[in-house]
Amino acid sequence: QVQLVESGGGLVQAGGSLRLSCAASGRTFSAYTMGWFRQAPGKEREFVAAISGSGSATDYADSVKGRFTISRDNDKNTVYLQMNSLKPEDTAVYYCAAALLRITSFNIRAGARATYDYWGQGTQVTVSS
């Protein structure tokens, strides 16, 4: 079992930055691929970014490439999402997720919701224009 708790959301003006954090329970954090997803009102939950257990591989949705950076600190059991140049369309509830995923499958499966077994409760990010 893995429990995930997100933090760092809030209200920011367009062009601003936020850093989200996701703290995980358990002693095998480095074994898990970690992902960030988001869900805007009336829309499906969509992939944002993912990072492999060691941090050697990352993946991003096209909509956030060059603006968002995912990272992790396995000593602190925490994954981060640095969000820069925020746009109003980034407004959503952001969810952290965890999956046991072989590195050989990362490129194929890290962006899929169905890959992930554990989810946090989400943190609201609102970007004003």
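Residues numbered from 1 in each chain as written. Predicted model: local features only at pLDDT ≥ 70, side-chain atom pairs only at ≥ 80, totals over all residues. Heavy atoms only, no water.

Enquirer: Would you mind going over the overall build of the protein with me for this structure?
Expert: A tally of helices and strands in the protein yields 1 helix and 11 strands. For 129 residues, the compact-globule estimate of 2.2 N^0.38 gives 14 Å, and the C-alpha radius of gyration of the protein, at 14 Å, lies within 12% of that figure. Structurally, the protein occupies a C-alpha span of about 40 × 25 × 25 Å along its principal axes. For the protein, buried positions account for 44% of its 129 residues. (Helix = DSSP H or I, 4+ residues; strand = E, 2+ residues; numbered from the N terminus. Rg over C-alpha atoms; globule rule 2.2 N^0.38 Å. Buried < 20%, exposed > 50% of the residue type's maximum accessible area, 1.4 Å probe, protein only.)

Enquirer: Looking at this model, I keep getting lost on the pattern of salt bridges. Mind explaining?
Expert: Oppositely charged side chains can pair when the atoms bearing their charge come close. If you walk through the whole model with that rule in mind, you get 5 salt bridges. Put simply, Arg-38, Glu-46, Arg-67 and Asp-90 are held in one network by salt bridges that share partners. (Salt bridge = Lys/Arg side-chain N within 4 Å of Asp/Glu carboxyl O.)

Enquirer: Would you explain the packing of aromatic side chains in this entry?
Expert: To describe a pair of aromatic rings, one takes the distance between the centres and the angle between the planes. The full count for this structure, using the stated rule, is 5 aromatic pairs. With centroids separated by 6.2 Å and ring planes inclined at 70°, the aromatic side chains of Tyr-32 and Tyr-118 adopt a geometry described as edge-to-face. Residue Tyr-32 is found in strand E4 (residues 32-39), and its partner Tyr-118 is found in strand E10 (residues 118-119); the two are separated by 86 residues along the sequence. Owing to a relative accessible area of 9%, Tyr-32 belongs among the buried residues under this scheme. (Phe/Tyr/Trp six-rings, centres within 6.5 Å; stacked < 30°, edge-to-face > 60°.)

Enquirer: So what exactly am I meant to see when it comes to the environment of Gly-122 here?
Expert: For Gly-122, the position within the fold is in the loop between E10 and strand E11 (123-128). Every residue in contact with Gly-122, bar those within four places of it in the chain, is listed here: Glu-6, Val-93, Tyr-94 and Tyr-95. (Contact = heavy atoms within 4.5 Å.)

Enquirer: Explain the sheet that holds strand E7 (residues 68-73) here, please?
Expert: Sheets are built from strands paired through backbone hydrogen bonds, the pairs being either parallel or antiparallel. Strand order in the open sheet formed by 4 strands is E1-E3-E8-E7, with antiparallel pairing between adjacent strands. One side of each edge strand has no neighbouring strand; the edge strands of this open sheet are strand E1 (4-7) and E7. In this sheet, adjacent strand axes meet at a mean angle of 15° when their direction is disregarded. Across 6 bridges, the pairing between E7 and strand E8 (residues 78-83) is antiparallel. Bridge pairing in E8 links Asp-73 to Thr-78. (Pairing = 2+ DSSP bridges. Axes fitted to C-alpha atoms, helices over the stretch in contact; angles between N-to-C directions.)

Enquirer: What am I meant to see in the pairing of E1 here?
Expert: Strand residues, when the strand is regular, have side chains that alternate between the two faces of the sheet. In E1, alternate side chains face the same way, and those of Leu-4 and Glu-6 are buried while those of Val-5 and Ser-7 on the opposite face are not. The pairing of E1 with strand E3 (residues 18-24) spans 4 bridges and is classified as antiparallel. The partner of Ser-7 across the bridge, within E3, is Ser-21.

Enquirer: I would appreciate a short explanation of the environment of Val-12 in the present structure.
Expert: Looking at the element boundaries, Val-12 is found in strand E2 (residues 10-13). For Val-12, a relative accessible area of 13% gives the class buried. Expressed as a C-alpha distance, the spacing of Val-12 and Ala-57, which sit 45 residues apart in the sequence, is 29 Å. Not counting the four nearest positions on each side in its chain, Val-12 is found in contact with Ser-17, Leu-18, Leu-86, Thr-126, Val-127 and Ser-128.

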